[in-house]
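Results of the structural survey
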Amino acid sequence: MAATEIRSVGVIGAGQMGNGIAHVAALAGLSVALVDVKAEALDKALATIRKNMDRQVQKGALSAGERDAALARVSTGTEMALLGESDIVIEAATEREEVKLSIFRAVCPLLRPGAILASNTSSIPITRLAAATDRPERFIGMHFFNPVPVMKLVEVIRGFATSDETFEAVSALAGRLGKTTAVSEDFPGFLVNRILVPMLNEAATALHEGVGDVRSIDAAMKLGANHPMGPLELADFIGLDTCLAIMRVLHEGMGDGKYRPSPLLVKYVEAGWLGRKSGRGFYDYSQTPPKPTR
């Protein structure tokens, strides 16, 4: 498929990542079909997209007419059949391999033969996911970053069977969405999470071992390494369950003890303290400013 032929985008999953991908695709002039199993998730996603576009209008980055035209390009539904005419479908479901494989099994028979299938996975091997579909040569990793309308990077990950045409079409699409691409080989964690998440995991280990408390660890990296967010604050923003899932993929894929998940990170997830999205993680978000939980 030539890049110029991508005119419609399907997005599976209406959470933070899915609604962000739908947002930038609609603003780029593409027809968007957003699908989720929960109707209430779709309602929340549309409200989020509108709120974020309203903010862009207020800042002068977007006109009211452009906002309204973009919103009109987004259709939603709970049935996969809505994706049948999409030129590319981007899966943005939860970071669990069995969930993604179940989605691919359901959606593949509904897609046009030439449609591209992409996964927004942050760490699961693309070659393995592609092998479970009917189109490994038209399967690719397209990893966006949260919040999608703000973050400029998309990691593009080729599986063993990904064709040159698919790679070129997806790279061009990322450019049309206003993103810069970083191309990664299909290794666990790809580029960003291979480097970033072990650092977050090490911060949790330092907290567990009493090397420093939450405020000290975050202040040290913000002021000593010039990071915009401390590692524990960032882990809460990403989601501690997502961080743990990525560490487990790295540990399994590399077979190296340095990727062993921090026991404290495991405990936080077991407790349901997943960070901002659950209201509590390394910080308690029920108060302003958030207070460290340890």
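The structure presented is a predicted model; accordingly, all values stated were derived computationally and were not measured. (Residues numbered from 1 in each chain as written. Predicted model: local features only at pLDDT ≥ 70, side-chain atom pairs only at ≥ 80, totals over all residues. Heavy atoms only, no water.)

Considering the UniProt feature "domain: 3-hydroxyacyl-CoA dehydrogenase C-terminal" (unreviewed entry) in the protein chain
When the UniProt feature table is mapped onto this chain, "domain: 3-hydroxyacyl-CoA dehydrogenase C-terminal" (unreviewed entry) is found at residues 189-285. Between the end C-alpha atoms of residues 189-285 the distance is 28 Å, and the span holds 61% helix and 2% strand. (UniProt positions renumbered as here; feature names shortened; annotations may be inferred. Helix = DSSP H or I, 4+ residues; strand = E, 2+ residues; numbered from the N terminus.)

Here's the deal with the pattern of salt bridges
The tally for this structure, following the rule as stated, stands at 15 salt bridges. The residue E95 makes a salt bridge to K100 at a minimum N-O spacing of 3.7 Å. Grouping residues by exposure puts E95 and K100 together as buried. Ionic pairing is found between D164 and R158, a salt bridge with its closest N-O pair at 2.7 Å. Judged by its relative accessible area of 43%, D164 falls in the partly exposed class. Its relative accessible area of 28% is what places R158 among the partly exposed residues. Among the ionic contacts, a cluster of salt bridges with common partners joins D54, R67 and D68. (Salt bridge = Lys/Arg side-chain N within 4 Å of Asp/Glu carboxyl O. Buried < 20%, exposed > 50% of the residue type's maximum accessible area, 1.4 Å probe, protein only.)

Description of the packing of helix α7 (residues 192-208) against helix α10 (residues 240-254)
Describing two packed helices takes the angle between their axes plus the distance from one axis to the other. Running from amino to carboxyl end, α7 crosses α10 at an angle of 115 degrees, the nearest separation of the two axes being 10 Å. Our classification of the angle between α7 and α10 gives roughly perpendicular. Between α7 and α10 the crossing geometry is left-handed. Residues N193, R194, V197, P198, L200 and N201 of α7 pack against C243, I246, M247, L250 and M254 of α10. Taken together, the residues of the contact of α7 with α10 sort by class into eight nonpolar, two polar and one charged. (Axes fitted to C-alpha atoms, helices over the stretch in contact; angles between N-to-C directions. Parallel < 35°, antiparallel > 145°, perpendicular 65-115°, else oblique. Left-handed = near helix turned anticlockwise from the far one by under 90°. Contact = heavy atoms within 4.5 Å. Nonpolar A, V, L, I, M, F, W, Y, C, P; charged D, E, K, R; others polar.)

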